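# Coordinate analysis (summary)
Here's the letter readout for the chains.
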Amino acid sequence: MNEGARPQRLLWGQHRHQGQDRLDVLYIEALAAPLTVNTMPEETLLAFADHGDVASVMQARLDLPDPALMARFKAAGVDLTDLARRLQEAGVESFAAAWKSLLARIEQTAGAAVAR
């Protein structure tokens, strides 16, 4: 059926947790699922190593998107196409900024090593 191609994996892009009232490993625990990739800042990784727990794993669902749920969003006035576009753009901007930051850090570290 897939002619030997590897399936695309879902990528969860993590950011720093959103405030004192939110568990610092909430998204890691809630989004644990087979065949996914979860990116996160080092502080979140260290927090999860320290006190994270995956009590249950999100199960794959082949019936998504749920038509009834999508209808409820539309009835509430959510423009799903616009929302998807804005989330994709924000994700691209976030990953591009992280990539530029990583490259700057590598250049800074390499420059410091050469100067020694």
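About the criteria used
- Residues numbered from 1 in each chain as written.
- Predicted model: local features only at pLDDT ≥ 70, side-chain atom pairs only at ≥ 80, totals over all residues.
- Heavy atoms only, no water.
- Helix = DSSP H or I, 4+ residues; strand = E, 2+ residues; numbered from the N terminus.
- Buried < 20%, exposed > 50% of the residue type's maximum accessible area, 1.4 Å probe, protein only.
- Contact = heavy atoms within 4.5 Å.
- Areas by Shrake-Rupley, 256 points an atom, 1.4 Å probe, with all protein chains shown as cover.
- pLDDT = per-residue confidence, 0-100.
- Salt bridge = Lys/Arg side-chain N within 4 Å of Asp/Glu carboxyl O.
- Patch = residues over 30% accessible without salt bridge, like charges linked within 9 Å, V, L, I, M, F, W, Y side chains within 5 Å.

With that settled, the discussion passes to the overall build of the protein. Of the regular secondary structure elements, the protein holds four helices and two strands. Within the protein, the fraction of its 116 residues that count as buried is 8%. Sequence-distant contacts in the protein: of pairs separated by 6 or more residues, those separated by 24 or more amount to 58%. When the accessible surface of the protein is summed, it comes to about 9900 Å², and 59% of that surface belongs to carbon and sulfur atoms.

What follows concerns the environment of Thr39. By the secondary structure assignment, Thr39 is in strand 2 (residues 36-39). Here Thr39 falls in the partly exposed class, since its relative accessible area comes to 26%. Distance from Thr39 to Gly13, taken between C-alpha atoms, is 5.1 Å for residues 26 residues apart in sequence.

The next point concerns the confidence of the model for the protein. Looking at the protein as a whole, its pLDDT mean stands at 83, while 86% of the residues score no less than 70. Mean pLDDT across the elements of the protein ranges from a minimum in strand 1 (residues 10-13), with 78, to a maximum in helix 3 (residues 67-75), with 91.

As a further point, take the environment of Ile28. Note on placement: Ile28 falls in helix 1 (residues 26-30). On the accessibility criterion, Ile28 (7% relative accessible area) is buried. C-alpha separation for the pair Ile28 and Asp53, spaced 25 residues apart in sequence, amounts to 8.8 Å.

Right, let's talk about the pattern of salt bridges for a bit. The final tally for this structure, using the stated rule, is three salt bridges. Where Asp82 meets Arg86, a salt bridge forms, and the shortest distance between an N and an O atom there is 3.0 Å. Residue Asp82 and its partner Arg86 are both found in helix 4 (residues 80-115); the two are separated by four residues, about one turn of the helix. Judged by relative accessible area, Asp82 falls into the partly exposed class, the value being 26%. For Arg86, a relative accessible area of 46% corresponds to the partly exposed category. Arg85 is the partner of Glu89 in a salt bridge, and the nearest nitrogen-oxygen pair spans 3.0 Å. One end of the pair is Glu89 and the other is Arg85, both in helix 4 and four residues apart, which spans about a single turn. What makes Glu89 partly exposed here is its relative accessible area of 39%. On the basis of relative accessibility, which here comes to 38%, the residue Arg85 falls in the partly exposed class. Each member of the salt-bridge network shares a partner with another, and the members are Asp82, Arg85, Arg86 and Glu89.

Glancing now at a nonpolar patch on the surface. A contiguous nonpolar patch, built from Trp99, Leu102, Leu103 and Ile106 and spanning about 390 Å² of accessible area, is present on the exposed surface. You can see Ile106 is positioned in helix 4. Among the residues examined, Ile106 registers a relative accessible area of 47% and is labelled partly exposed.

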